[in-house]
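Architecture at a glance
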Amino acid sequence: MIGALKAAFFKRLNRTQAILRDRRGLPARRAAEAAIAALPVQGPSLVDGTVLVDVAYQHPNYWLRYGLLSAALGLPAARQVALAGLYTRSALAGTLDIFGIRDRRPALVTPAAIEAYRGEARALIARAGDADGLFAMAMPLEMPAFDLYDGLLRTQRAATVDLRHPDCENYTAKWLAAVYESDRFVRELNPALAILSHAQSGNDYYGALAYALLRHGVEIVVPNGFFENLHFHRVRKKDELYRFFDAIEPEDIDALTPDRAAKLADTGCRAIEERIGGNTNEFAAIHAFGDGKTRWTREGIRDAFGWDDRRPIVALLTSTWFDYPHIYGNTRFRDFADWVHAVVAAAARSEEINLVIRGHPLDRWYNDLLIDEVVRGLGASNIGVLPYGIDGSSVMRSVDAMLTYYGSAAIEYAAQGKPVLIPDRGWYHRHAFVRCPDSRAEYLDLVGRATWWKDMDLARGARHAEILQAMRLGYPAWQDGWLIDDDNAPKDGIYAGIPSKLARHGEAVARELSTIRRWMLSDDMLYHRFKMLESDEYRHI
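Now for a quick tour of the structure.

**Observations regarding the overall build of the protein**
Scanning the protein from N- to C-terminus turns up 24 helices and 14 strands. Computed over its C-alpha atoms, the radius of gyration of the protein comes to 24 Å, within 12% of the 24 Å expected for a compact globule of 541 residues. Sorting the 541 residues of the protein into buried and exposed places 57% on the buried side. Long-range pairs, those at least 24 residues apart, make up 75% of the contacts in the protein between residues at least 6 apart in sequence. Counting every atom, the protein has about 22100 Å² of accessible surface; 50% of that belongs to carbon and sulfur.

**Quick look at the packing of helix H2 (residues 26-37) against helix H22 (residues 491-504)**
Here H2 crosses H22 at 30°, and the two axes come no closer than 7 Å. Classed by the angle they form, the pair H2 and H22 counts as roughly parallel. Here H2 runs over H22; the crossing is left-handed. In this structure, H2 contributes Ala-28, Arg-29, Ala-31, Ala-32, Glu-33, Ala-35 and Ile-36 to the contact, and H22 contributes Tyr-495, Ala-496, Ile-498, Pro-499 and Leu-502. Considering only residue class, the contact of H2 with H22 consists of 10 nonpolar, no polar and two charged.

**Details of the pattern of salt bridges**
Going through the model one piece at a time under the given rule, you end up with 47 salt bridges. Across the pair Glu-33 and Arg-29 runs a salt bridge, and its minimum N-O distance is 2.8 Å. Here Glu-33 and its partner Arg-29 are both found in helix H2, four residues apart, which amounts to about one turn of the helix. Assessed through its relative accessible area of 6%, Arg-29 is described here as buried. Its salt-bridge partner being Arg-518, residue Glu-534 comes within 2.4 Å of it at the nearest N-O pair. Residue Glu-534 is located in helix H24 (residues 527-534), and its partner Arg-518 is located in helix H23 (residues 506-520); the two are separated by 16 residues in the primary sequence. Its relative accessible area of 37% is what places Arg-518 among the partly exposed residues. Within the structure, one salt-bridge network assembled from shared partners comprises Asp-239, Arg-243, Asp-246, Glu-249, Glu-251, Arg-425, Arg-430, Asp-524 and Arg-529.

**Considering the side chain of Gln-479**
With respect to the element layout, Gln-479 can be found in the loop between strand E13 (474-476) and H22. The exposure class assigned to Gln-479 is buried, which follows from its relative accessible area of 1%.

**Observations concerning the sheet that holds strand E9 (residues 383-385)**
Backbone-to-backbone hydrogen bonds join strands into a sheet, with any given pair of strands oriented parallel or antiparallel. With parallel pairing, six strands are arranged side by side in an open sheet as E9-E8-E7-E10-E11-E12. Edge positions in the open sheet fall to E9 and strand E12 (434-435), since each of these has one partner strand only. Where strand E7 (residues 313-317) lies against strand E8 (residues 354-358), five bridges are found, and the strand directions are parallel. By the bridge assignment for E8, Leu-317 is matched with Arg-358.

Calculation criteria
Residues numbered from 1 in each chain as written. Predicted model: local features only at pLDDT ≥ 70, side-chain atom pairs only at ≥ 80, totals over all residues. Heavy atoms only, no water. Helix = DSSP H or I, 4+ residues; strand = E, 2+ residues; numbered from the N terminus. Rg over C-alpha atoms; globule rule 2.2 N^0.38 Å. Buried < 20%, exposed > 50% of the residue type's maximum accessible area, 1.4 Å probe, protein only. Contact = heavy atoms within 4.5 Å. Areas by Shrake-Rupley, 256 points an atom, 1.4 Å probe, with all protein chains shown as cover. Axes fitted to C-alpha atoms, helices over the stretch in contact; angles between N-to-C directions. Parallel < 35°, antiparallel > 145°, perpendicular 65-115°, else oblique. Left-handed = near helix turned anticlockwise from the far one by under 90°. Nonpolar A, V, L, I, M, F, W, Y, C, P; charged D, E, K, R; others polar. Salt bridge = Lys/Arg side-chain N within 4 Å of Asp/Glu carboxyl O. Pairing = 2+ DSSP bridges.

Next up, the structure:
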């Protein structure tokens, strides 16, 4: 009882603090929104019908990205319907006034809806029995079980879902309410286009809404932003939900002219060198590389774990445990803990390799679950766990090969000529710089072998990795300084900077708008890829 009262108190306190922050930052927010709303509309609406706009994610960069998309597509002339989220706050009303969105709908997940589905949630959990059972279950309206699983994992901030967790029933009831109510809402509204900030479920259950839209034939645009650029993503079928991070296809690389391929490879190479050298402001890179971190050598790793040099050293780089393990639609492993446990067991049986495990650098930033806790009680004499705080580039230089699920480190390792083995689909599984087996069983069979990389063309892989990195961290030279602030930057500062950013880079913004419009008239799923493949001079963040 005391615990519940404390939770309710802190929830109310956090909400009050958020409202006070909204009020303090309101003048800068309104000025930014007015500047965004003043962007030149590029022509008549490209959408014949109603546009559904997700307004649950109240972030300055989302409003900037929405505003650019709206102006490019001519959406101010269309009927737009705003759908609020479970935690939408009062400052939103003024935002929608500025953008001219008059039709506003409340959150689909309401206290009454949650209670209506609580019994079904309780029965679902009972049928599942445990985490494996839940992950394998058939869900209502053909929803993927991993959408619920990953939402629970994120709520519990754990490595594996605990069906006995006190929040499990409540979250499942909310998720079921979102599944059924989203389907009803989309069927009744019948939009022609939907703009969503996310497409996987979390606290606002975007996955349920995304699947309802696709179920009823509604195209989705997700105006993502990564690496200080616009990475908008179109979704017209289920498979495309999980391909938002694809930067370029292998066949696109093969089709590049020699000159363009060389320029992209050079851009990617320079971006990789700066990143692993600790000379970038990119959020994850700050935690992985650079000053203030210890550096290990191959000899240091070998001596620390009592290994001789007759076996190759393979690095296992883990992921952040509860951060959407199935975000790319992969299903061979229940979660990252299942993957790590299986890899460690396979490596422990091996007489061919030594395995050194490195926890994700952001584990300590999240301050919840560290690698030692996940692998406690597992292991063998050929398995070692590195401490946190090591410079990632020193590990890269010290090992012979690398295992990751779908971490970006695969690009950096491959660019240095290191072979990479991955267990399942992700966002680069089809590329030449990784080996992706056909099944979980084949993957685990290969893990302990020192031969899986013998027939890989590492030089070709390095070239493809450099080009892929250019497509992620690069941007067309015509943008000059027109870049978007990182979403992790303080919101007040982002709002304050938007008016001057738009004013300073008027020519580049105008070109961005016309390019977005042409992209929506094309068949390309990914805006940034479309923009990069139109360009022939590049820079990188």
